[in-house]
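Analysis of the macromolecular model
Residue strings, one per chain:
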Amino acid sequence: MSELVAYHLPGRWGLVSVSPFCLKLDAFLRMTEIPHRSVTAATPFAGPKKKAPWIEHEGRTIGDSAFIIAYLIEHFGKDPDAALTSAQRGQAVAIQRRDRGKPLLGDGL
Ligand SMILES: N[C@@H](CCC(=O)N[C@@H](CS)C(=O)NCC(=O)O)C(=O)O
């Protein structure tokens, strides 16, 4: 199946998901306009890491928002950061490192 399917936890308060990691992937997919179908999963346990989000694409199942986004950038050739200068990329990495480990913001879980 070549369709990209993104699984996320249920939403609330008008958000597509209450999971920050699912929101991160959803924002990436909307920014890049990569065609996909979003599926709401009641629990994260069907994912390869037993966490959400995860995707299915061309026979692959991939978990972890960082791995998913890296895969999608490479596969679809759409990088929202492509126009950033090296200084801006450095700032982005600094912000990510600063926030890593903070509850609901870091991706080191
Ligand atoms: N590093 C992962 C973290 C994903 C994550 O922790 N997801 C939470 C929802 S916000 C989850 O599924 N937790 C289930 C559990 O820990 O049992 C990513 O970036 O996708």
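Parameters at a glance
Residues numbered from 1 in each chain as written. Predicted model: local features only at pLDDT ≥ 70, side-chain atom pairs only at ≥ 80, totals over all residues. Helix = DSSP H or I, 4+ residues; strand = E, 2+ residues; numbered from the N terminus. Rg over C-alpha atoms; globule rule 2.2 N^0.38 Å. Buried ≥ 20, exposed ≤ 12 C-beta atoms within 10 Å, placed from the backbone. Contact = placed C-beta atoms within 7 Å. Core = buried A, V, L, I, M, F, W, Y, C linked by C-beta atoms within 7 Å. Near = placed C-beta within 6 Å. Nonpolar A, V, L, I, M, F, W, Y, C, P; charged D, E, K, R; others polar. Pairing = 2+ DSSP bridges. Axes fitted to C-alpha atoms, helices over the stretch in contact; angles between N-to-C directions. Expected span 1.5 Å × (residues − 1). Arc of directions from axis to C-beta.

Right, let's talk about the overall build of the chain for a bit. Within the chain, the secondary structure is distributed over three helices and four strands. In the chain, the succession of helices and strands from N to C terminus is β-α-β-β-β-α-α. In terms of overall dimensions, the chain is globule-like: its C-alpha atoms have a radius of gyration of 14 Å, near the 13 Å expected for 109 residues. In terms of principal-axis extent, the alpha carbons of the chain reach across some 40 × 30 × 25 Å. Classification of the 109 residues of the chain by burial places 18% in the buried group. The contacts in the chain between residues at least 6 apart in sequence include a share of 50% that link residues at least 24 apart.

Quick look at the nonpolar core now. Core analysis: the biggest nonpolar cluster contains 13 residues, and A6, C22, L25, A52 and I68 have the highest contact counts within it. Elements that contribute at least two residues to this core include exactly β1 (5-8), α1 (20-32), β3 (54-57) and α2 (65-76). The dominant element in this core, judged by the number of residues it contributes, is α1, at four residues. Residues contacting I68, with those up to four places away along its chain left out, are L25, P53, I55 and I62.

Close to the ligand lie 14 residues; S19, F21, P44, K51 and S65 are nearest. Counted by class, the shell around the ligand contains eight nonpolar, two polar and four charged residues.

Below, the discussion takes up the sheet that holds strand β4 (residues 60-63). Read from one edge to the other, the open sheet built from four strands follows the order β2-β1-β3-β4, with strand pairing classed as mixed. A single partner strand is all that each edge strand has here, and the edge strands are β2 (37-40) and β4. Between one strand and the next, the sheet's axes are offset by a mean angle of 20°, whatever the strand orientation. For β3 and β4, the ladder comprises four bridges, and the chain directions are antiparallel. Of the residues in β4, the one forming a bridge with W54 is G63.

Next up on the list: α1. Its 13 residues place the ends of α1 18 Å apart at the C-alpha level, agreeing with the 18 Å of an ideal helix rising 1.5 Å per residue. Taken together, the buried positions of α1 are occupied by F21, C22, L25, D26 and L29. Relative to the axis of α1, the buried residues are bounded by an arc of 140° and lie together on one face. Exposed positions of α1 whose direction lies more than 90 degrees from the buried face are R30 and M31. Contacts from the buried residues of α1 go to β1 and α2.

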